[in-house]
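# Examination of the molecular architecture
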Amino acid sequence: MRLGLLYSGGKDSTLAALLLDEFYDVTLVTAHFGVTDDWEHAEETARRLGYEFERVELDADVAAEAVEQMFEDGYPRNAIQSVHMHALETVADMEFAAVADGTRRDDRVPSVSRAQAQSLEDRHGVDYIAPLSGFGRGAVDRLVDATLDVTVGPSEEIPRSDYEAELRALLAEEHGADAIGEVFPDHEQTYVTDVRSAGDE
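So, here's what we can say about the structure. From a predicted model like this one, the values you see are computed outputs, not experimental measurements.

This brings us to the overall build of the protein. Check the secondary structure of the protein and you find eight helices and seven strands. Here the C-alpha atoms of the protein give a radius of gyration of 16 Å, agreeing with the 17 Å that 2.2 N^0.38 yields for 201 residues. Overall, the C-alpha framework of the protein stretches about 50 × 40 × 30 Å when taken along its three principal axes. Of the roughly 10000 Å² that the protein leaves accessible, carbon and sulfur atoms contribute 43%. Averaged over its 16 positive side-chain charges, the protein has a centre that lies 7 Å from the centre of its 44 negative ones.

If you want it as structure tokens, here you go:
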């Protein structure tokens, strides 16, 4: 059964792929707005890990609305939630029997409620799966430490293919470079470079 997994090249979506691989024909799907070439980082990781890869371009109007929302809010949470749901809807329109993401149990954003998941499934005729939804941050980090080679660093320095990179670029374009620091709190991002073989230290 073909499954499209929203993929950023980071630890959560990579771990989700490994968990789903036992049961599905997994394709890693990076959704982007065509603003930057950051999606190429996810494609490179997908190729290194041996997964099929597709990219899908999202509606530019959704990006514009998200940028204005985060600027007005002064934080990115609501805007990123909107973009994530749009991305899931877009992947659900592709030829997959199931769609998935790397959201965890304790994620504040993005998150998918039970009602949103059921609506997505009913309207698109797909299964929605969040394989990490039962895992807390500590459990995810321990699995990642045992399984993946990961580069960790400040969000603005780590190559990644999530929505944030393009939203940052659009925010700077519309409201100036200082707006990035005003809207986005300092936080770390991850980029997966490889999956460890059994017996690797």
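What follows concerns the environment of Val-83. Along the chain, Val-83 turns up in helix H4 (residues 77–92). Apart from residues no more than four positions distant in its own chain, Val-83 is found in contact with Phe-33, Leu-58, Val-62, Ala-66, Tyr-163 and Leu-167.

Here we take up the side chain of Thr-45. With respect to the helices and strands, Thr-45 occurs in helix H2 (residues 39–49). From its side chain, Thr-45 meets the backbone oxygen of Val-192 in a polar contact 3.3 Å long.

Turning next to the nonpolar core. In terms of nonpolar packing, the biggest core is built from 36 residues, with Val-83, Val-91, Tyr-128, Leu-167 and Leu-171 touching the most fellow members. At the level of secondary structure, the elements contributing two or more residues to this core comprise strand S2 (25–32), helix H3 (60–73), H4, helix H5 (114–124), helix H7 (163–175) and helix H8 (178–183). Ranked by residues supplied to this core, first place goes to H4 with eight residues. Setting aside anything within four residues of it in sequence, one finds Val-91 in contact with Gly-4, Leu-6, Val-29, Val-56, Phe-96 and Val-99. Counting 24 residues, the second largest nonpolar core, distinct from the first, contains Tyr-7, Val-26, Tyr-51 and Phe-53.

Sheets are built from strands that pair by backbone hydrogen bonding, the pairs being arranged parallel or antiparallel. What the five strands build is an open sheet, ordered S3-S2-S1-S4-S5; its pairing is parallel. Each edge of the open sheet carries a strand with a single partner, namely strand S3 (52–57) and strand S5 (127–129). Strand-to-strand, the axes of this sheet are offset by a mean angle of 30°, without reference to chain direction. With six bridges connecting them, S2 and S3 associate as parallel partners. Considered in S3, the bridge of Ala-31 is made with Val-56. Of the strands in this sheet, S2 and S3 are in contact with H2, which crosses S3 at around 165°.

Axis separation between helix H1 (residues 11–20) and helix H6 (residues 137–147) bottoms out at 11 Å; the angle between their running directions is 75°. By the angle between their directions, the pair H1 and H6 is classed as roughly perpendicular. Across the interface between the two elements, Lys-11, Asp-12, Leu-15 and Leu-18 from H1 touch Val-140, Asp-141, Leu-143, Val-144 and Thr-147 from H6. Across the contact of H1 with H6, the residue classes tally to five nonpolar, one polar and three charged.

Relative to the assigned elements, Glu-72 resides in helix H3. The exposure class of Glu-72 is exposed, given its relative accessible area of 65%. In this structure the C-alpha to C-alpha distance between Glu-72 and Arg-48, which are 24 residues apart in sequence, comes to 40 Å.

The next point concerns the pattern of salt bridges. In the structure shown here, the tally under the stated rule is nine salt bridges. Ionic pairing is found between Arg-104 and Asp-12, a salt bridge with its closest N-O pair at 3.6 Å. You can see Arg-104 sitting in the loop between strand S4 (98–100) and H5 and its partner Asp-12 sitting in helix H1, a full 92 residues away along the chain. No difference in accessibility class separates Arg-104 from Asp-12, as the two residues are buried. With its nearest N and O atoms 3.7 Å apart, the salt bridge here joins Arg-137 to Asp-141. One end of the pair is Arg-137 and the other is Asp-141, both in helix H6 and four residues apart, which spans about a single turn. Residues participating in the shared-partner salt-bridge network are Asp-12, Arg-104, Asp-106 and Asp-107.

Cut-off values and rules
Along each chain, the written sequence defines residue order, and numbers are assigned to residues from 1. Restriction of local features to residues with pLDDT of at least 70 applies here, the model being predicted, together with a cutoff of 80 or more for giving and counting side-chain atom pairs; totals for whole chains, interfaces and linings are based on all residues. With hydrogens and water excluded, all non-hydrogen atoms of the structure serve as input to the side-chain values. Helix and strand assignments come from DSSP, with helices taken as H or I runs of at least 4 residues and strands as E runs of at least 2, each series counted from the N terminus. What the globule rule says is 2.2 Å times the number of residues to the power 0.38, and the radius of gyration is computed from C-alpha atoms. Accessible surface area values rest on a Shrake-Rupley calculation with a 1.4 Å probe, where residue burial reflects the displayed protein chains alone. By the counting rule applied here, Lys and Arg register as positive and Asp and Glu as negative, while His and the ends of each chain are not counted. In this description, the location of a charge corresponds to atom NZ of lysine, CZ of arginine, CG of aspartate or CD of glutamate. Contact between two residues is taken to exist if any of their heavy atoms lie within 4.5 Å; hydrogens are not considered. In the analysis that follows, any N or O atom pair within 3.5 Å is treated as a polar contact, provided that within protein one partner can donate a hydrogen and the other can accept it, and provided that, for residues neighboring in sequence, both atoms belong to side chains. As used in this record, nonpolar core signifies buried Ala, Val, Leu, Ile, Met, Phe, Trp, Tyr and Cys residues forming a set joined through side-chain atoms within 4.5 Å. Accessible area is worked out with a 1.4 Å probe on protein chains only. A residue is then buried under 20% of its type maximum, exposed over 50%, and partly exposed in between. When DSSP finds two or more bridges between two strands, those strands count as paired. Here an angle of 0 to 180 degrees is reported between the N-to-C directions of two axes, which are lines fitted to C-alpha atoms, with helices fitted over the stretch in contact. Just so you know how the angles are binned, under 35 degrees is roughly parallel, over 145 roughly antiparallel, 65 to 115 roughly perpendicular, and the rest oblique. Residue polarity is assigned by list, with Asp, Glu, Lys and Arg as charged and Ala, Val, Leu, Ile, Met, Phe, Trp, Tyr, Cys and Pro as nonpolar; anything else, Gly included, falls into the polar class. A side-chain nitrogen of Lys or Arg and a carboxyl oxygen of Asp or Glu constitute a salt bridge if their distance falls within 4 Å.

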